[in-house]
Structures are given as C-alpha cells and as structure tokens.
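As a plain string of letters, each chain reads:
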Amino acid sequence: MGQVTAHYESVSEEARLRTGFGVLEFARSQEILLRYLPPAPAVVLDIGGAAGIYSTWLASLGYRASLLDLVYKHTALARAAGVTSVVQGDARALPYSDACSDAVLLMGPLYHLTERSCRVRALAEARRVLRPGGVVFAACICRYASLMAALALGLLDDSSFEPILRRNLDEGQHRNPGSDPLGSAGRRAGTAIFGRLLRRRAADGPALSSD
Amino acid sequence: MGPLYHLTERSCRVRALAEARRVLRPGGVVFAACICRYASLMAALALGLLDDSSFEPILRRNLDEGQHRNPGSDPLYFTTAYMHLPQELRDETEEAGFMIEDLLPVEGPGWLAKNFEQAWADETQKKRLLDIARRVEREPALTGVSPHLLAVGRRQ
C-alpha cells in the first residue's frame, strides 16, 4: 500500500476526472450512478472517494455523502472541497456501523487491492454497512486498459512499458518499477474504458456475489 | 475473404458458405472472413470522424442493425455491406454444415495504434503489434475491437 499512497501523494487525483479521458469516465459514471441511486436525500458512503469529486457532486444533488480514503492528502482536499464527513481509513475495515447507508461507492479501492481476498473483503464491508436493499457501485480497471492506452497514446516504442504491459495482459497485475507516473497510471490514460461492476444487495441479504 | 461482407441477407451468406462446403472434399477446410459490427465505430473514433454529421446515420444503422449503407459519394465510407457480430459468423458457418475449428479476430486491437503506419514500419513495434494480436486472440471481451474476424470451418 505504501507505493499506492506515494503515487497519490505525488499525482493530482483531484484533477484526473476533470482532464483528459477522465472527463468521459466521470460523465458516464455519473449517468450510471443516477440510474441506480435511491432518490435524495439518502446516505451515500464514498469509499476511496479521493478528493471528493463524487461526494461534492452528490451533496449538490441533496445526498448525505460521507467520504473515506486511505491517503491523507485526499482527506484534507476533500474537507477543503466542502465534504462534511471525512475520515482516513481502509476499505477493508470500515469505521461505520452495520446497515447505516443506502448506497456505497467503491470507485477506487478495487484498483489497488491486488489480492482477490482483499477485494472481496472490501466488497463484503460495503455490504455490511448497507441497509438491506441498498446498492453498491464497484469500479474496476479493465484488464485491457493499459493495452488500449498504449495504442492510443503511441507507447509501443517505449521498451520500458513492454514488460509492464505483458504482465498486465498475462496476469492482470500492474506494477511500475520505474519513476514515470504515467507508467504507474497506465490506468490514467485508459480511464475511458474502465469497466464498471454493479452489485445490488438483495433485500433478504444473501451473501454478496464475490465474482 | 470477401463475399460475406457484401451479402447483406443472412440466407445469401449461408448459401455462399454451403457452396463452399459443396466444393470441399470431406475433411476440407473453409476460411470465412467477416467485418466486425464495431469496425465503423472504432474507425470513427481512431480517425476522428465524430464531427462528420454525414457519418452519424451510417454509424447508427451499423450499430443497430449491422447494415452498412453509404448513400453519399465518399469512398472513405465504403459500400453496401453487412457487419457481423462474432456469434453471427459462428452461427452462419455452422448452419451451412461446417464444424467450427476456430473463430479469431484478425487484426486484434493493434490497428488502433497511434501513427500505425510508422509503428508497422519499425521491426520492433511491428513484432509488438503481432504479439498483442496473438496474446488477446482468445479474449471474448476484446473480439469486437478487431475490424475483421476469421472463422475456420471443417467439412465433416
């Protein structure tokens, strides 16, 4: 996790969804969220909410949004942006009580939990804090984001990117041993094609599908 | 490597495939190419045609029905054609009596490379483009990114 937090301390996540391909990701995510969110006012937990881009938007629509993020810089930026309830924490152990929310956003944590068991734990935590009938929005980066970004941005001639890409395609594991934040965020360039998963907690509360 | 593009009626495509089967000895093999349903879409994005309003109705009908028509005179926009979904090529080949040996994306995603011609002219990058095509050729989530698909069918 140290590498991940260092990455976010050094790049501007608060600008990512407002620039480049990020604007398409943000516009489409808003559209999909509005398709499934309960009407405002409802309690929304924005887990891994970074600098608060979703929380501030949701608050402007009348939702009661609370934000949690692992990165201290993000929590400070979120408070400065006007998010009223902000806490630094880990998506795998949420500091919220059971069934306290109507919707949970996981628009980032699944990117950086490289172990499947940790991803399922974060999803199970989201389920725990949702009321029965509540909905989780869980975003992932698609296996092919780096590939498509490499093609679109013309990175094929960068031999330092080739082993990164190869491991991406073969295992889905993305590592950037170098210092170029573009490499660590092959994802940044590929945001337009990020996948979206959506899980709804059934009213009678069966175990959350983990796949 | 062409007829299925331009036979816009399903029955005609199955007939062409059945004719291929008739002229093959038992055990013989057919290679049947189609244009993928999303080829126009990917080309429009890669070539920056989103601002051409004459292309919009062409693209819309492509996506909705798979039917490609170019009522204008710009040869860039091709001619009368049918754009297959991957499953449709499989179904039509099977309906003509073939066993499907394989169904593969031809180009894969590499054709979307920025400055493609320049990359292809460079031996290292050319190898990477072909390696990418092989590496993802079995991934259903990416099949539709390839402009052409190739079915390999065997006459029993």
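Cut-offs and rules
- Residues numbered from 1 in each chain as written.
- Chains lettered and ligands numbered in written order.
- Predicted model: local features only at pLDDT ≥ 70, side-chain atom pairs only at ≥ 80, totals over all residues.
- Helix = DSSP H or I, 4+ residues; strand = E, 2+ residues; numbered from the N terminus.
- Buried ≥ 20, exposed ≤ 12 C-beta atoms within 10 Å, placed from the backbone.
- Contact = placed C-beta atoms within 7 Å.
- Nonpolar A, V, L, I, M, F, W, Y, C, P; charged D, E, K, R; others polar.
- Domains from an automatic or database assignment.
- pLDDT = per-residue confidence, 0-100.
- Pairing = 2+ DSSP bridges.
- Axes fitted to C-alpha atoms, helices over the stretch in contact; angles between N-to-C directions.
- Core = buried A, V, L, I, M, F, W, Y, C linked by C-beta atoms within 7 Å.
- Arc of directions from axis to C-beta.

A. Focus on the overall build of chain A. Helix and strand counts for chain A come out as 11 helices and 6 strands. Counting over 211 residues, chain A shows a buried share of 42%. Expressed as a percentage of contacts within chain A between residues at least 6 apart in sequence, the contacts between residues at least 24 apart total 63%.

B. Seen up close, the interface of chain A and chain B. Contacts between the two partners involve 11 residues from chain A and, on the opposite side, 14 residues from chain B. Looking at the side of chain A that touches chain B residue by residue, the class counts come to 8 nonpolar, 1 polar and 2 charged.

C. Geometry of the domain arrangement of chain A. Here chain A is described as being made up of domain 1 (2–141 + 194–200) and domain 2 (143–189). Taking only C-alpha atoms into account, the centre of domain 1 of chain A sits 24 Å from that of domain 2 of chain A.

D. Structural view of the environment of glycine 133 of chain A. Within the element layout of this structure, glycine 133 of chain A appears in strand β5 (residues 130–140). Spatially, the C-alpha atom of glycine 133 of chain A lies 9.2 Å from that of alanine 103 of chain A, the residues being 30 residues apart in sequence.

E. Highlighting the confidence of the model for chain A. Scored by pLDDT, chain A has a mean of 84; 84% of the residues are at 70 or more. Here residues 184–211 of chain A is a poorly scored stretch, pLDDT under 50, and it has 65 contacts once near neighbours within four places are set aside; other chains count.

F. Spotlight on the sheet that holds strand β4 (residues 98–105) of chain B. All names here are of chain B. Overall, mixed pairing links the 5 strands, which are arranged β2-β3-β1-β5-β4 in an open sheet. One side of each edge strand has no neighbouring strand; the edge strands of this open sheet are β2 (67–68) and β4. Of the strands in this sheet, β1 (29–36), β3 (81–84), β4 and β5 (148–155) touch helix α5 (residues 86–95), which is tilted by about 155° from β4.

G. Looking closely at the nonpolar core. Ile47, Val104, Leu105, Leu106, Ala126, Val136 and Phe137 of chain A are the most contacted members of the largest nonpolar core, which has 40 residues in total. Among the elements of the structure, β1 (43–47), α4 (53–60), β2 (64–69), α5 (72–80), β4 (101–106), α7 (116–129) and β5 of chain A are those that each provide at least two residues to this core. Counting residues per element, this core draws most heavily on β5 of chain A, at 6 residues. The next biggest cluster of nonpolar side chains, apart from the first, holds 19 residues, and it includes Leu155, Ile164 and Leu165 of chain A together with Leu142 of chain B.

H. Here's a closer look at the environment of phenylalanine 98 of chain B. Topologically, phenylalanine 98 of chain B is positioned in strand β4. A sequence separation of 68 residues divides phenylalanine 98 of chain B from valine 30 of chain B, and the C-alpha atoms of the two residues are 8.5 Å apart.

I. Quick peek at α5 of chain A. Residue and element names in this part refer to chain A. Residues of α5 that are buried: His74, Thr75, Leu77 and Ala78. Each buried residue of α5 lies within a common arc of 165° when the element is viewed along its axis, so the set occupies one face. Away from its buried face by more than 90 degrees, α5 exposes Tyr72 and Ala80. Contacts from the buried residues of α5 go to α1 (2–10), α2 (13–16), α4, β2 and β3 (85–88). Of the residues one or two after α5, glycine 82 is the one with positive phi, at around 105°.

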